[in-house]
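Descriptive analysis of the structure
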Amino acid sequence: LSDKPTTVDMRITSDGTTLRAYYRFAGEGWTPYGEPALLASVPNPKIGMYANDSNATVTTRNDAVFDFFRITAGLPDTTAPVTTDTSSNAPTARS
């Protein structure tokens, strides 16, 4: 992973019965992540942003930065939004 960009896009899609997760690095296609889950198996679904590296032995952590969040009904979103990082560590605009 050291040769990959530090930014990763993530998305979760649903066809009304099954949830599927995907990720991609800039300029690459979507890669399935984890296993599909039946929507009915999620008893009280909530939508939001959360980051966790699940490594309890690390004493310091980097901040997770979210620059875009969108909920769209209908067909899966195949186009990444165009964003510009305005934080102090802004590399460049990307799409």
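What comes next concerns the included structure.

How each quantity is defined
Residues numbered from 1 in each chain as written. Predicted model: local features only at pLDDT ≥ 70, side-chain atom pairs only at ≥ 80, totals over all residues. Heavy atoms only, no water. Helix = DSSP H or I, 4+ residues; strand = E, 2+ residues; numbered from the N terminus. Buried < 20%, exposed > 50% of the residue type's maximum accessible area, 1.4 Å probe, protein only. Contact = heavy atoms within 4.5 Å. Areas by Shrake-Rupley, 256 points an atom, 1.4 Å probe, with all protein chains shown as cover. Pairing = 2+ DSSP bridges. Axes fitted to C-alpha atoms, helices over the stretch in contact; angles between N-to-C directions.

1. So, the overall build of the protein chain
Within the protein chain, the secondary structure is distributed over zero helices and three strands. What you see in the protein chain, going N to C, is helices and strands ordered as β-β-β. In the protein chain, which comprises 95 residues, the share counted as buried stands at 11%. Long-range contacts, defined here as pairs at least 24 residues apart, represent 16% of the contacts in the protein chain between residues at least 6 apart. Carbon and sulfur atoms provide 55% of the accessible area of the protein chain, an area that totals close to 8,200 Å².

2. Some remarks on the environment of Ala-73
Along the polypeptide, Ala-73 turns up in the segment after β3 (31–38). Owing to a relative accessible area of 76%, Ala-73 belongs among the exposed residues under this scheme. Separated by 58 residues in sequence, Ala-73 and Asp-15 have C-alpha atoms that sit 10.0 Å apart.

3. Considering the pairing of β3
Little of β3 is tucked away, with zero of its eight residues classed as buried. In this sheet, β3 lies alongside strand β2 (residues 18–25) in antiparallel orientation, the contact comprising five bridges. Counted as the bridge partner of Tyr-22 is Pro-32 from β3. What sits between β2 and β3 in their antiparallel hairpin is a turn of five residues, with Gly-27 showing a positive phi close to 80°.

4. Some details on the sheet that holds β2
An order of β1-β2-β3 is seen for the three strands of this open sheet, with the pairing classed as antiparallel. Looking along the sheet, the strands with just one partner apiece sit at the ends: β1 (8–14) and β3. Neighbouring strand axes in the sheet, compared pairwise and without regard to direction, differ in orientation by 15° on average.

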